[in-house]
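Each chain, written out:
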Amino acid sequence: AYSVMQLVLWEARFILCLHYSAHLKLFSPEKAGRLAAGALNEILPTAIAPLFGIPSGMYFLHHVAMHHVEDNIFPMDLSSTMPYQRDSFLDFLKYWATYLTLTMFYLPAYALYKGRPRLAFYAITLLTCWASGMYYAWTLHSTAAFYTLIFPFLFASLALMFGNFSPSTR
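Residues numbered from 1 in each chain as written. Predicted model: local features only at pLDDT ≥ 70, side-chain atom pairs only at ≥ 80, totals over all residues. Heavy atoms only, no water.

The next thing to look at is the overall build of the protein chain. Across its full length, the protein chain holds seven helices and zero strands. Listed N to C, the secondary structure of the protein chain is α-α-α-α-α-α-α in terms of helices and strands. Dimensions of the protein chain along its principal axes, counting C-alpha atoms only, are 50 × 40 × 30 Å. Looking at the protein chain residue by residue over its 170 residues, the buried ones come to 38%. Of the contacts formed within the protein chain by residues at least 6 apart in sequence, a portion of 67% connects residues at least 24 apart. Of the accessible surface of the protein chain, which amounts to about 10,200 Å², a share of 71% is contributed by carbon and sulfur atoms. (Helix = DSSP H or I, 4+ residues; strand = E, 2+ residues; numbered from the N terminus. Buried < 20%, exposed > 50% of the residue type's maximum accessible area, 1.4 Å probe, protein only. Contact = heavy atoms within 4.5 Å. Areas by Shrake-Rupley, 256 points an atom, 1.4 Å probe, with all protein chains shown as cover.)

With 25 residues, the main nonpolar core has L61, W130 and M161 as its most contacted residues. Per element, the largest residue contribution to this core is eight residues, and it comes from helix α5 (residues 89–113). With near-sequence residues (within four places) excluded, M161 lies in contact with F92, Y95, W96 and Y99. In this structure, A22, L44, I54 and V64 belong to the second largest nonpolar core, which totals eleven residues. (Core = buried A, V, L, I, M, F, W, Y, C linked by side-chain atoms within 4.5 Å.)

As a further point, take helix α6 (residues 117–140). Across its 24 residues, α6 extends 34 Å between first and last C-alpha, which sits within 8% of the 34 Å expected from 1.5 Å per residue. Turning to α6, its buried residues are L119, A120, A123, L126, L127, W130, M134 and A137. In this structure, the buried side of α6 is in contact with α3 (34–48), α4 (58–70), α5 and α7 (142–165). (Expected span 1.5 Å × (residues − 1).)

A few words now on α7. The largest bend in α7 is about 35°, located at I150, with the proline P152 one to four residues further on. Residues A145, L149, P152, F153, A156, S157, M161 and F165 constitute the buried set of α7. On its buried face, α7 is in contact with α1 (2–23), α5 and α6. (Bend = angle between axes of the 7 residues up to and from the residue.)

What follows is about the pattern of salt bridges. Pairs may arise between side chains of opposite charge once their charged atoms sit close together. Under the defined criterion, the tally for this structure stands at two salt bridges. Between E70 and K114 there is a salt bridge whose closest N-O contact spans 3.1 Å. Note that E70 is positioned in helix α4 and K114 in the loop between α5 and α6, a separation of 44 residues in sequence. Among the residues examined, E70 registers a relative accessible area of 13% and is labelled buried. Between K94 and D91 there is a salt bridge; the shortest N-O distance is 3.5 Å. Of this pair, K94 and D91 both sit in helix α5, separated by three residues, roughly a single helical turn. (Salt bridge = Lys/Arg side-chain N within 4 Å of Asp/Glu carboxyl O.)

According to the stated counting rule, one finds twelve aromatic pairs in the structure shown. Plain terms: the ring middles of F146 and F151 are 6.0 Å apart, the flat faces sit at 40° to each other, and that makes the pair tilted. Judged by its relative accessible area of 27%, F146 falls in the partly exposed class. Three or more aromatic residues joined by ring pairs form one cluster here, namely Y84, F89, F92, Y95, F162 and F165. The ring centre of F165 lies 5.7 Å from the NZ or CZ of R86, which sits over that ring. (Phe/Tyr/Trp six-rings, centres within 6.5 Å; stacked < 30°, edge-to-face > 60°. Lys NZ or Arg CZ within 6 Å of the ring centre and 35° of its normal.)

Here we take up unusual backbone geometry. The omega torsion across F74 and P75 is 10°, close enough to zero to call that bond cis. Locating P75 in the fold gives a position in the loop between α4 and α5. In this structure, D71 takes a positive phi of about 55° despite not being glycine. Counting through the fold element by element, D71 comes out in the loop between α4 and α5. Judged by its relative accessible area of 42%, D71 is partly exposed. The residue N72 is not glycine, and still its phi comes out positive at about 65°. Positionally, N72 belongs in the loop between α4 and α5. Residue N72 is classed as buried on the basis of its relative accessible area of 11%.

Now the structure itself:
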């Protein structure tokens, strides 16, 4: 029941909120103070995002730092659909499998390649925390870990990759 309610009622809303907060910070340093605004602006992409299937800290790097800069053009936009035959279910499965297995390595490497070592370090640190947290949750209670972390990751990745694969012409 939890997973169904979360996915049906909240998943799209959360991802839209995450999208907007990646472009325009929710808390301003002028009003909240630099340290407080920085900490508060990290809650969504690092602490809450994994509950909706988005690995900690990856949304900004993937969407703003890479996708907007590279404009879905292969090979620099690592989520580009250009190398795939878009009317092929098998190519969609390859595209999704690439996301599931390689994106966690590609994104920090992309940040390094673009001369953004702090962003790469941020990504590596948060990915390590995310993976460790998933493993630890699994050791505590595998069923709870599956429904609160693993299933949302599989669902969100499927939905987001399907969204990328479907509409654009590139």
